[in-house]
Structure formats: C-alpha cells, structure tokens
Amino acid sequence: MTFTERALKILKYNRLTAIGAGIVLLVILVGVFAPVIAPYDPNVIDVPHRLGAPALKHLFGTDEMGRDIFTRVLYGCRISVSVGIAIVCVSAFFGILFGSISGYAGGKVDNVIMSISDMVLSFPSMVLALALTASLGLGLFNTMLAVSIVKIPVYVRLVRGQVLSLKQRQYVKAARTFGAPPFWIIWKHIIPNSLTPIMVQMTLGLGDAILMAASMSFIGLGAQPPTPEWGAMVNSARAYAIDQWWYAAFPGLSILVTVVGFNLLGDGIRDILDPKSKQG
Amino acid sequence: MTLPLLRLENVDKVFVKKTMMGKKSYIHAVRGITLDIQRGEALGIVGESGCGKSTLASLIIRLETLTRGKIILDGTDVTSLKEKDLRPLRRFVQIVFQDPYSSLSPRMTVEEILTEPLKIMTKLSKAEMHAKVTALLELVGMNASCLDRYPHEFSGGQRQRISIARALTTEPEILILDEPTSALDVSVQAQVLNLLNDLRQKLHLTYIFISHNLAVVKYISDRTAVMYAGQIVELGPSEKIMLEPLHPYTRELIAALPAVGKKLKPLTKAADMTENVAQERGCPYQNRCPLVDLRCKSERPPLAQFEPGHFLACWGVTKS
Ligand SMILES: Nc1ncnc2c1ncn2[C@@H]1O[C@H](COP(=O)(O)OP(=O)(O)OP(=O)(O)O)[C@@H](O)[C@H]1O
Ligand code: SF4
Ligand SMILES: [Mg+2]
C-alpha cells in the first residue's frame, strides 16, 4: 500500500485521526488568516463595553478592558501555533545534531551526551522548564527557549537509536567503503531515513509544546499582557472566573482543543507510517 | 612469481564485547590468515555461517580495523593508514554485499545511488557522471530508464546488478563479492553469476568471492580457500578442492553437496552443534574430526604446502 492509500484508509476508518487532522487544519488556517477573519483589533480598548457576555457583536464576550475575546482568541491561535512550531523545530534541530553525533561517535562523547539527556529526562519537564525560564528571565522568547531545551533529549534519544540501527545497514557501509566522511553519511543517509519517526515525534510534540508554553504564560512567566496569548489570557481571567465565565473559558477551550487535535493527528500519522500498527 | 596485488599477513580480528556485568567477552573471528591474491585471479572463500568470511571482507575493505597482522595492497602497506590517507586507495577495492534489500538506500533513486561514490571520490561534472552511470547500467544488463526509479521497484536480481554497478563506479581493481547471490532464486542466481564472469573478463577484475556454497564458488573462482573458525584450513585450485579435497572439513562440505556428494565418502561424523565450538588450543576442527589424534588437541596445525599450489592445515592427512 502506498503512503496516500494508507493515509486515506486511516482517515476514513479512524475517526479520531480525521478529527485531529480537521482541528489542526482549522487551527493553522485560523492562525494564518487571523487578521482577515478577526472582526476587531485585538488590542483596542473599549472600557464602556468591558466584561460583556457573549453576544452577536462580541461572539466570545469582552474582557476587562472591553477588548473582543473572539478576536484575541484568533490572534492567540497564531501565537500558540507559531510558538509550538518554533519550539518543536529548535528541539528537533539540536536533537538531530546531538543524537547523530552521539550515535555516530560512540564512546566517551556518546556517554557524555546520553548522561546529560537522561538527567534532563529524569526531571518532570514542566518543573525543569519553569526553573529554566525563571533563571533566563520572563517573556515569551525565554519560555520558548526553556521549553525547547527541555524537549531536546527526546529527539536525541530517538535520533541516536536511528543512527545505531542505520549504521549497520549495508548501504551505509557501502558509503563508508567509498570514503564518505561522517558528515556525508549523516546528511545523506541517516537523516533522510530517520525523517519519518522524527516527523511523528514533532507532531506529537507540538501539542505538548503549545500546552507547556501556555502553562508558563498562565503562571505569568511567558507571554506578558497585553499579548493575546491563550495562557496569558486565562491568567488575566482568573479574577473574573466566576462571574464572567466566558473570559477564561474560550482561551482555555482553545488550548484544550488544539492540544488534543495535534495529539490525535500525531497518533494517526504514526499509524500510517508504521505498517505494523493495527489500524493499517 | 610476481608481486601479489593483495597480500594478507597473519591477519587477526578479535571482537571485544562488553557483557551486562561489565565483563569483556572476546570473539576471535579471524585468526592468522595469510593469503596472496594475484592480479586478475578469482579467489573463492567458503565456509559455514559464522566462520568469519564477512569479517575478513570487512578487514580487507577496511570497515573494521585489524587486531593484528598486515594488509599490503599492490606493494603499499595499508594496515595502519588513517582514514584520510586511505581515501585515495579505497577506489581500488570495492565490495558487493549479500543482502540486495539493505544494500541500496530506499530514499535514493538509482541515479543517486550510482553517482554517490563519484560525488565522494571524483570531481566529474553532472553530465560526465550521468554518462558514466548510464554506461555502467548497460554493462550490468540494465538500461538508463531505471535511473530515476527507486530500489523498491526492482527485483532482488536487479538490485544486485545495481549494487554491482555501484561497486564498479570507481573502476576498482579488486571486487569483493560477499555472498552476492545467496539471497536470490536459483535461476536468477545463475544469471548474476554469469554476469560476474563476463565482467571479470571485460574489465580484468580480481575477485574475492565469498560463499557458503562450494558449487557456486567453483563456478567463479580459480582458487578456493576453505575457512573454518576464522582460519584457512585448505587452499588450492578450485578443481582440486572439489575433486580431491584433503582436509576433513572440506570433505564434509563436499559430501553435503547434492550432485558431487554421493561420489565422495564423508570422512566426518554428523556435525554435532554442541561440539561445534572452536577450540582455543590445537586444531579448531578437533571436536568434529574423525581423524582426531593427540597432537590435534595440543598443537594448532599450520597452513603448509601439501603439493605445489595446494595448502593444508591438518596433522592427520599425510601423503600416502
Ligand atoms: N561487529 C561485530 N561485533 C562482534 N562480533 C562480531 C561482529 N561481526 C561479526 N562478529 C562475529 O564474528 C564471527 C564471524 O562473523 P562473520 O559475519 O564474519 O561470519 P560469516 O562467515 O560471514 O557468516 P555468514 O555466512 O553467516 O555471513 C561471528 O561469530 C560473529 O558473531
Ligand atoms: S588437525 Fe587433526 S583434528 Fe584437525 S582436521 Fe586434521 S586430523 Fe582433524
Ligand atoms: Mg557473512
């Protein structure tokens, strides 16, 4: 079965994957077209209409400054998705770098890289990211940096495992008999042939990255007001959680739905790419 | 006698494996192999699975480093050359592996596969590479329409032809063939063997042909070396090895051949796998040998000339 056939079959028979794919598509479209779809400016203050309940004019209501929550959720989508993608790309990049060095060089280098990875993995990632952001300083950028660093070891392990098994393939050995330098072998053979598991890990990691970044903003370490970031919005909404439920609910729900969407899709892609999985 | 193209002197390979407890275990995969390979000859290497044939190939092609001994390529000692200094010499020795499925990268087109060695080793232009690769494909009996297809679109035999073409891109003098046909159907096997014989004549290649099948080795090679437990136990003209084998182990191998076997009375008792462990002291074959004697248990028989051109490592077989 080709990739497309498998993909179609899974989308057809596995509802959850289809739902995940739908959510991800929607989230990405919203992120890209936020300025076009949004009815208002996310930062325009309208004090007379503050804390308004959801209505036709303001679908998700307004916040304590009278800003349109629907607009801010749409813009938040753009922030969360780009933050998530940036985190995942940075972690994957360094994971590929260190993982391939570790697997290829072996010996002491491997020992050092793997000990550090294992140490990082042994901490709860949220706690570690928190500590890192606290020491790097507040702000969305530092949060992204912290979460990226915490997530690197996942890719290091994955890529190292790939290198170790691919190194034994005869086409890699053949390349060595032509005098291919390590750099060539990693770039031409190891990375292309490890790309599928890396992509699955990245999709699965996206939901997690978005959630972690939002959590950090919720705690007050990440995105700072008035940035329309979901986590930060939920944080500002805490004071109004009981009487103005919509303020916290819509950004909160957006986080939930997005994270679930990426996770469902990630699981589905793993099934499509792994012919041994049941659904295939 | 002319200078051999490739000379192995007392080549040893010991693999060190760390066990779970941090202890080391040693696998002596190749022991004291001395061998001269003349320009243009085809040398067969036979022996059962695990006797060290592939390890020997890896040592010659320098995918593994030697534990002891020397490798001399066309008069140059290449044993202790660093990878950087080895690079220009890698062109001269090439290998075709056994498994036609794992020997070609699934993500590369045939053109990418065949130009890879050229990109690494030469400074040819794109057009020159394309021309060269097309010619090579034709040489191995395929055509240029294959160039932009992927390995999974081909059969085992075709893949093996592509592997052969790849090994020939650098115009090697020595081609190591590590069981190139054992994964193929019998009919396909014959075609590939014929191709190899043709190529050898056309390109004046020197072959090191590895197989566990004596009949296949004989079809390709002028001389045959029989390996057991990492050592060469018999070496001679392929005809001699097939028709008048001397070493008890060679006789066991030949007795197992369906066509020739009946004519030759096997000297050996059936191989008992529990006794199949090679001995550190004395002859490695002593546990399976019907001619075993006291001396066999204490002293390792050296590979010595029995008749001109026919070498044997055995105490028990003497001239009658
Ligand atoms: N990289 C390695 N590390 C440790 N042991 C090894 C390694 N490569 C080979 N060996 C061991 O060395 C011995 C010889 O293996 P080798 O692959 O050379 O045998 P072979 O004659 O080619 O067998 P086959 O016919 O199955 O290919 C085996 O016991 C094997 O387990
Ligand atoms: S040396 Fe002894 S044990 Fe070894 S093959 Fe000859 S007779 Fe048999
Ligand atoms: Mg082998």
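The structure contained in this document is the topic of the report that follows. Quick caveat: nothing in here was measured; it's all calculated off a predicted structure. (Residues numbered from 1 in each chain as written. Chains lettered and ligands numbered in written order. Predicted model: local features only at pLDDT ≥ 70, side-chain atom pairs only at ≥ 80, totals over all residues. Heavy atoms only, no water.)

### Section: the site of ligand 1
Residue and element names in this part refer to chain B. Around ligand 1, a shell composed of 14 residues is seen, among which Ser49, Gly50, Lys53, Ser54 and Thr55 lie nearest. In the environment of ligand 1, an oxygen atom lies 2.9 Å from a nitrogen or oxygen atom belonging to the backbone of Lys53. In this structure, an oxygen atom belonging to ligand 1 sits 2.7 Å away from a side-chain N or O atom of Ser54. Burial of ligand 1 by the protein amounts to 66% of the accessible area it has alone, namely 630 Å². Mapped onto the shell around ligand 1, the elements with two or more residues apiece are strand 1 (6-18), strand 2 (24-37) and helix 1 (53-60). (Near = heavy atom within 4 Å. Polar contact = N/O pair within 3.5 Å; in protein donor to acceptor, adjacent residues only side chain to side chain. Areas by Shrake-Rupley, 256 points an atom, 1.4 Å probe, with all protein chains shown as cover. Helix = DSSP H or I, 4+ residues; strand = E, 2+ residues; numbered from the N terminus.)

### Quick notes on the environment of A:Arg67
All names here are of chain A. Relative to the elements of secondary structure, Arg67 occurs in the loop between helix 2 (15-37) and helix 3 (69-105). Taking relative accessible area as the criterion, Arg67 reaches 7% and is therefore assigned buried. Arg67 sits 20 residues away from Val47 along the chain, and the two C-alpha atoms are 8.2 Å apart. Not counting chain neighbours up to four residues away, the residues in contact with Arg67 comprise Pro42, Asn43, Val44, Ile45, Gly61, Thr62, Arg72 and Pro226. (Buried < 20%, exposed > 50% of the residue type's maximum accessible area, 1.4 Å probe, protein only. Contact = heavy atoms within 4.5 Å.)

### Comments concerning the sheet that holds strand 8 (residues 206-211) of chain B
By definition, the strands of a sheet pair up through backbone hydrogen bonds, in either a parallel or an antiparallel sense. All names here are of chain B. The eight strands are arranged 6-7-8-3-9-10-12-11 in an open sheet whose pairing can be described as mixed. At either margin of the open sheet sits one strand with a lone partner, and together these are strand 6 (93-96) and strand 11 (304-307). Taken pair by pair, the neighbouring strands of this sheet meet at an average axis angle of 25°, ignoring direction. Relative to strand 12 (residues 310-312), strand 11 runs antiparallel, the two being bridged by three bridges. Each bridged residue has a counterpart across the sheet, and for Gln305 the counterpart in strand 12 is Phe311. Across the sheet, helix 5 (residues 156-168) lies against strand 6 and strand 7 (174-178), angled at about 170° from strand 6, the strand it touches most. (Pairing = 2+ DSSP bridges. Axes fitted to C-alpha atoms, helices over the stretch in contact; angles between N-to-C directions.)

### Examining empty space enclosed by the protein
Taking a probe equal in size to a water molecule and rolling it over the atoms shows the remaining empty space. Enumeration according to the criterion identifies three cavities of 30 Å³ or more in this entry. Quantified by volume, the largest cavity comes out at close to 130 Å³. If you trace the largest cavity, you find it lined by A:Thr177, B:Leu6, B:Ile60, B:Ile61, B:Arg62, B:Ile71, B:Leu73, B:Val78, B:Leu86, B:Leu89, B:Arg90 and B:Val93. For the lining of the largest cavity, the secondary structure elements donating two or more residues are strand 4 (68-73) and helix 2 (83-90) of chain B. Quantified by volume, the second largest cavity comes out at close to 90 Å³. Residue lining of the second largest cavity: B:His247, B:Pro248, B:Cys283, B:Tyr285, B:Cys289, B:Leu291, B:Val292, B:Cys296, B:Pro301, B:Cys314, B:Trp315 and B:Gly316, and that is the complete set. (1 Å grid on protein atoms, 1.4 Å probe; cavity = no way out; pocket = protein on both sides within 12 Å on 5 of 7 lines; lining within 4 Å. Points joined across faces, edges and corners; volume = space filled by probe spheres on them.)

### Observations regarding the sheet that holds strand 1 of chain B
All names here are of chain B. The strand order across the open sheet formed by four strands is 2-1-4-5, and the pairing between neighbours is antiparallel. Looking along the sheet, the strands with just one partner apiece sit at the ends: strand 2 and strand 5 (76-77). Here two bridges tie strand 4 to strand 5, and the two strands are oriented antiparallel to one another. Residue pairing across strands places Leu73 opposite Thr76, the latter belonging to strand 5. The sheet strands contacting helix 1 are strand 1, strand 2 and strand 4, and the helix crosses strand 1 at an angle near 115°.

### Considerations on unusual backbone geometry
Along the chain, A:Pro225 connects to A:Pro226 via a cis peptide bond; the corresponding omega equals 10°. Note on placement: A:Pro226 falls in the loop between helix 8 (182-219) and helix 9 (230-237). Positive phi, close to 50°, is recorded for B:Asn10, a residue that is not glycine. Phi angles above zero are rare outside glycine, and B:His204 is one such case at about 50°. Structurally, B:His204 can be placed in the loop between helix 6 (186-203) and strand 8. A relative accessible area of 67% means that B:His204 is categorised as exposed.

### Considerations on the packing of helix 3 of chain A against helix 6 (residues 140-167) of chain A
Residues and elements named next belong to chain A. Axis separation between helix 3 and helix 6 bottoms out at 5 Å; the angle between their running directions is 40°. Between helix 3 and helix 6, the angle is such that the two are oblique. For the crossing formed where helix 3 meets helix 6, the hand is right-handed. (Parallel < 35°, antiparallel > 145°, perpendicular 65-115°, else oblique. Left-handed = near helix turned anticlockwise from the far one by under 90°.)

### Concerning the state of the cysteines
With the rule as written, the count across this model stands at zero disulfides over all chains. The thiol of B:Cys51 is unpaired, and the distance to the nearest cysteine sulfur, on B:Cys283, comes to 14 Å. (Disulfide = S-S within 2.5 Å.)

### Examining the site of ligand 2
All names here are of chain B. Contacts to ligand 2 come from His247, Pro248, Cys283, Tyr285, Gln286, Cys289, Leu291, Cys296, Pro301, Cys314, Trp315 and Gly316. According to the grid-proximity analysis, the pocket containing ligand 2 is the second largest cavity. By residue class, the composition of the shell around ligand 2 is nine nonpolar, three polar and no charged. (Sits in = over half its atoms within 2 Å of the grid points. Nonpolar A, V, L, I, M, F, W, Y, C, P; charged D, E, K, R; others polar.)

### Focus on the interface of chain A and chain B
Between chain A and chain B, the residue contacts involve 18 residues of the former and 25 residues of the latter. When chain A packs against chain B, the two sides together hide about 1900 Å² of surface, and 61% of this comes from carbon and sulfur. Our enumeration of links across chain A and chain B arrives at zero salt bridges. Counting across the interface, chain A meets chain B through nine residue pairs in polar contact (both at pLDDT 80 or more). Breaking the side of chain A that touches chain B down by element, the ones donating at least two residues are helix 7 (170-177) and helix 8 of chain A. (Buried area = accessible area lost by both parts, 1.4 Å probe. Salt bridge = Lys/Arg side-chain N within 4 Å of Asp/Glu carboxyl O.)

### Describing the packing of aromatic side chains
Scanning the model with the defined rule gives 10 aromatic pairs over all chains in all. Stacked on the ring of A:Trp184, the Lys or Arg A:Lys188 has its end atom at 4.9 Å from the ring centre. Directly above the ring of B:Trp315 sits B:Arg295, whose terminal nitrogen or CZ lies 3.6 Å from the centroid. (Phe/Tyr/Trp six-rings, centres within 6.5 Å; stacked < 30°, edge-to-face > 60°. Lys NZ or Arg CZ within 6 Å of the ring centre and 35° of its normal.)

### Regarding the environment of A:Trp184
Relative to the assigned elements, A:Trp184 resides in helix 8. In this structure A:Trp184 touches A:His189, B:Glu116, B:Lys119 and B:Ile120, once residues within four positions along its chain are discounted.

### What about helix 3 of chain A?
In an α-helix there are 3.6 residues to a turn, and that puts residues three or four apart on one side. In a regular helix each residue adds 1.5 Å, so 37 residues correspond to 54 Å; helix 3 of chain A covers 52 Å between its end C-alpha atoms and thus fits that length. Where helix 3 of chain A terminates, the next one or two residues include A:Gly106, which has phi positive at roughly 65°. (Expected span 1.5 Å × (residues − 1).)

### A closer look at a nonpolar patch on the surface
Residues and elements named next belong to chain A. On the surface, Leu25, Ile28, Leu29, Val32, Phe33, Val36 and Ile37 cluster together into a nonpolar patch covering about 650 Å² of accessible area. Relative to the assigned elements, Val32 resides in helix 2. Judged by relative accessible area, Val32 falls into the partly exposed class, the value being 46%. (Patch = residues over 30% accessible without salt bridge, like charges linked within 9 Å, V, L, I, M, F, W, Y side chains within 5 Å.)

### Points about the pattern of salt bridges
A side chain of one charge can pair with a side chain of the opposite charge when the charged atoms of the two come close. Residues and elements named next belong to chain A. Counting across every chain of the model gives 23 salt bridges over all chains. One salt bridge in this structure joins Arg270 and Asp267, with 2.8 Å as the shortest N-O distance. One end of the pair is Arg270 and the other is Asp267, both in helix 10 (residues 245-273) and three residues apart, which spans about a single turn. By relative accessible area, Arg270 is classed as partly exposed at 40%. Look at Asp267 and you get partly exposed, because its relative accessible area is 31%. Within the structure, one salt-bridge network assembled from shared partners comprises Asp63, Arg67 and Arg72.

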